[in-house]
Amino acid sequence: MFGTDVSYSDVYVPVISSYSTSAQSSYTIGAAVNIPIDEIFDYTGRVRRQRLLLRVAKLEREAKFEEIQREIIQLYTTALAQLNVLKLRVESVILSGVQYDIAEKDFANGVLDSSSLSMEKERQSQALERFENTKFELTKSLMILEIITRTPILKKN
């Protein structure tokens, strides 16, 4: 049922109103068919592009894998070098401790003055500091290596 209310006016004509109604039935049925013709004729091209994309992904994966391998090798050799340096630092700490003990006894016996004792203590402190720094660097390298390789290297306490 449709209803229309119309009014019209002009300068010389008074307002006229009219109302009309009518009833009607309407039905709408629709359907659409979409046939992608470009995809039908481009099938071989799409297959070729997918193969190229797959090849590119494989090459990128191999490049990333090689990069990770280089990083692992670098960290491993660094850790080995730091381990050898750590052994030398341990010997240095032991020797500086022995030298300080001797200097302390000499100071107690009056053979050595306080400035020489202070220098020996400084040498012992420097040796200990170098040892701790090397130990820190070794631990850091091993932890990074653990993360990259997902292999436990250090024992967790």
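Residues numbered from 1 in each chain as written. Predicted model: local features only at pLDDT ≥ 70, side-chain atom pairs only at ≥ 80, totals over all residues. Heavy atoms only, no water.

A. Examining the overall build of the chain more closely. Scanning the chain from N- to C-terminus turns up 3 helices and 2 strands. Element order for the chain, N to C, with α for helix and β for strand: β-β-α-α-α. Residues counted as buried form 12% of the 157 residues belonging to the chain. In the chain, 45% of the contacts between residues at least 6 apart in sequence involve partners at least 24 apart. When the accessible surface of the chain is split by element, carbon and sulfur atoms take 58% of a total near 13,600 Å². (Helix = DSSP H or I, 4+ residues; strand = E, 2+ residues; numbered from the N terminus. Buried < 20%, exposed > 50% of the residue type's maximum accessible area, 1.4 Å probe, protein only. Contact = heavy atoms within 4.5 Å. Areas by Shrake-Rupley, 256 points an atom, 1.4 Å probe, with all protein chains shown as cover.)

B. Structural view of the packing of aromatic side chains. For the coordinates displayed, the defined rule picks out 0 aromatic pairs. Taking the ring centre of Tyr100 as reference, the NZ or CZ of Lys121 above it sits at 4.8 Å. (Phe/Tyr/Trp six-rings, centres within 6.5 Å; stacked < 30°, edge-to-face > 60°. Lys NZ or Arg CZ within 6 Å of the ring centre and 35° of its normal.)

C. Broad picture of unusual backbone geometry. For Arg150, which is not glycine, the phi dihedral falls at a positive 55°. In this fold, Arg150 is placed in the segment after α3 (114-149).

D. Inspection of the packing of helix α2 (residues 43-108) against α3 at higher detail. Packing of α2 against α3 leaves a shortest axis separation of 7 Å and a crossing angle of 160°. Here α3 runs roughly antiparallel to α2, going by the angle between their axes. Both α2 and α3 take part in a crossing whose hand is left-handed. A per-class count over the contact of α2 with α3 returns 22 nonpolar, 11 polar and 9 charged. (Axes fitted to C-alpha atoms, helices over the stretch in contact; angles between N-to-C directions. Parallel < 35°, antiparallel > 145°, perpendicular 65-115°, else oblique. Left-handed = near helix turned anticlockwise from the far one by under 90°. Nonpolar A, V, L, I, M, F, W, Y, C, P; charged D, E, K, R; others polar.)

E. Quick peek at the nonpolar core. By size, the foremost hydrophobic cluster in this structure holds 5 residues: Ala79, Leu86, Phe131, Leu138 and Leu142. Those elements giving two or more residues to this core turn out to be α2 and α3. Take this core: its biggest share by element is 3 residues, from α3. Not counting residues up to four positions away in its chain, the partners in contact with Phe131 are Leu86, Arg89, Val90 and Val93. (Core = buried A, V, L, I, M, F, W, Y, C linked by side-chain atoms within 4.5 Å.)

The values reported here are purely geometric and, on their own, carry no functional implication.
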